[in-house]
Amino acid sequence: MMKIDSGIDLPALRAVVAIADAGSFRGAATALGYSQSAVSHRIAALERGLGTALFDRPGGRGGVRLTAAGQAAYTHARRAIAAAEALEADVGARAGDARTTLRVGVFQTAAAELLPQALRAFRRDWPRVEVILTENDRPDRLTDQLARGRLDLAFARDVTSDDRIEAIPLLDDPLVILTRRDSPLLTLDDPTFDVLDGADVVAWTRRWPMQLELEDAWRRRGIAPRVVFRTEDNLALQRLVAAGLGDACIGRLAAQHALDPALAWIAPAESLIDRRIVLLSARQREPSAAALTLIESIRSRLGA
């Protein structure tokens, strides 16, 4: 166990993080599987060792809050816990005596088009690491899960770095028009997105933020397609377009790898929505050696 004379040890640091995240000692005790008195004892010992209070305790129903010193302790605690977990995972994976996991947040196109080749190279160096892909198209949820340590890496669109998250740009993924190879749209000399005005289209459900942004862009341009089908599945959308039920606006990356030979795509010169795919990691959590290997594998494949 990591321990120095000031009373800092990993259980105490875990208690600091759990209390801050839960907003109460009781909630932290439940999350950690300890009694509330045990959590209070660890924090009291840590505060004595550091010579300062880490939490304001208003009493009653008011939630506890980090002091200024507590905020600094929280930041360092998360880093120390992450480093300890990375050490344990890396040693276990290298020693070959345990299977470790790498948790990656993805959206459908990233899982299908960006990861397979990168994971093939990754497996050569880390054969005992199990990679778990969690699909989520909401950037706010991905960044929150990264900051809380529930994900190790995540793919997202149009997220920028901040004090919690580092965003590594991978590639631009502008919107294009997915259509059939026999579509008259392919005969146009200089097509724009205006060709969708009044046309039948297949779209994503409005649960997806990207679809809401797309429809807002249509409205601003005075484009009014007839949405005839909505889906949350990339393959289903391609099949519906291939069946001649309508065209679709999708990212160029997905269009380039469309699975049905009946499909083709048009890239208007204009940009309807600026879209960039990025790879996210948490600033306060030191990436494991396995995570760094996967990052480099992805960047190398894309030339990022």
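Remember, it's a predicted structure, so these values are computed and weren't measured experimentally. (Residues numbered from 1 in each chain as written. Predicted model: local features only at pLDDT ≥ 70, side-chain atom pairs only at ≥ 80, totals over all residues. Heavy atoms only, no water.)

### Details of the overall build of the protein chain
From N to C terminus, the protein chain includes 10 helices and 12 strands. Over its C-alpha trace the protein chain gives a radius of gyration of 24 Å, far above what one expects of a compact globule, namely 19 Å for 304 residues. Judged by the C-alpha coordinates and their principal axes, the protein chain covers about 75 × 50 × 30 Å. Roughly 15400 Å² of accessible area belongs to the protein chain as shown, and the carbon and sulfur atoms make up 49% of that amount. (Helix = DSSP H or I, 4+ residues; strand = E, 2+ residues; numbered from the N terminus. Rg over C-alpha atoms; globule rule 2.2 N^0.38 Å. Areas by Shrake-Rupley, 256 points an atom, 1.4 Å probe, with all protein chains shown as cover.)

### Considerations on the pattern of salt bridges
This structure, assessed with the given rule, holds 16 salt bridges. Across the pair Arg57 and Glu47 runs a salt bridge, and its minimum N-O distance is 3.1 Å. Of this pair, Arg57 sits in the loop between strand E1 (55–56) and strand E2 (65–66) while Glu47 sits in helix H3 (residues 36–50); the two residues are 10 residues apart in sequence, bridging distant segments of the chain. A relative accessible area of 13% places Glu47 in the buried class. Its salt-bridge partner being Glu215, residue Arg230 comes within 2.9 Å of it at the nearest N-O pair. Here Glu215 lies in helix H7 (residues 209–221) and Arg230 lies in strand E9 (residues 226–231), a separation of 15 residues in the sequence. What makes Arg230 partly exposed here is its relative accessible area of 30%. The network of salt bridges with common partners includes Asp194, Arg221 and Glu270. (Salt bridge = Lys/Arg side-chain N within 4 Å of Asp/Glu carboxyl O. Buried < 20%, exposed > 50% of the residue type's maximum accessible area, 1.4 Å probe, protein only.)

### A word on the sheet that holds strand E12 (residues 276–282)
Here 5 strands make up an open sheet; going across it, the order is E4-E3-E5-E12-E6 and the pairing mixed. On the outer flanks of this sheet lie strand E4 (129–135) and strand E6 (165–172), each paired with one strand and no other. Across the sheet, the mean angle separating the axes of adjacent strands is 20 degrees when strand polarity is ignored. Note: strand E3 (residues 100–106) against strand E5 (residues 153–157), 2 bridges, orientation parallel. From the neighbouring strand, Gly105 faces E5, where its bridge partner is Ala154. In the packing of helix H5 (residues 108–125) onto the sheet, the strands contacted are E3, E4, E5, E6 and E12, and the crossing angle to E4 comes to about 175 degrees. Sitting on the sheet, helix H6 (residues 139–147) touches E3, E5, E6 and E12, and the angle it makes with E5 is about 160 degrees. (Pairing = 2+ DSSP bridges. Axes fitted to C-alpha atoms, helices over the stretch in contact; angles between N-to-C directions. Contact = heavy atoms within 4.5 Å.)

### Side note on the confidence of the model for the protein chain
Of all residues in the protein chain, 91% attain a pLDDT of 70 or more, and the chain-wide mean is 86. With pLDDT under 50 throughout, residues 1–5 is counted as low confidence; its partners more than four residues away or in other chains account for 8 contacts. (pLDDT = per-residue confidence, 0-100.)

### Remarks on the environment of Ala31
For Ala31, the position within the fold is in helix H2 (residues 25–32). Residue Ala31 is classed as exposed on the basis of its relative accessible area, which comes to 64%. The spatial distance from the C-alpha of Ala31 to the C-alpha of Thr101 is 21 Å, given a sequence separation of 70 residues.

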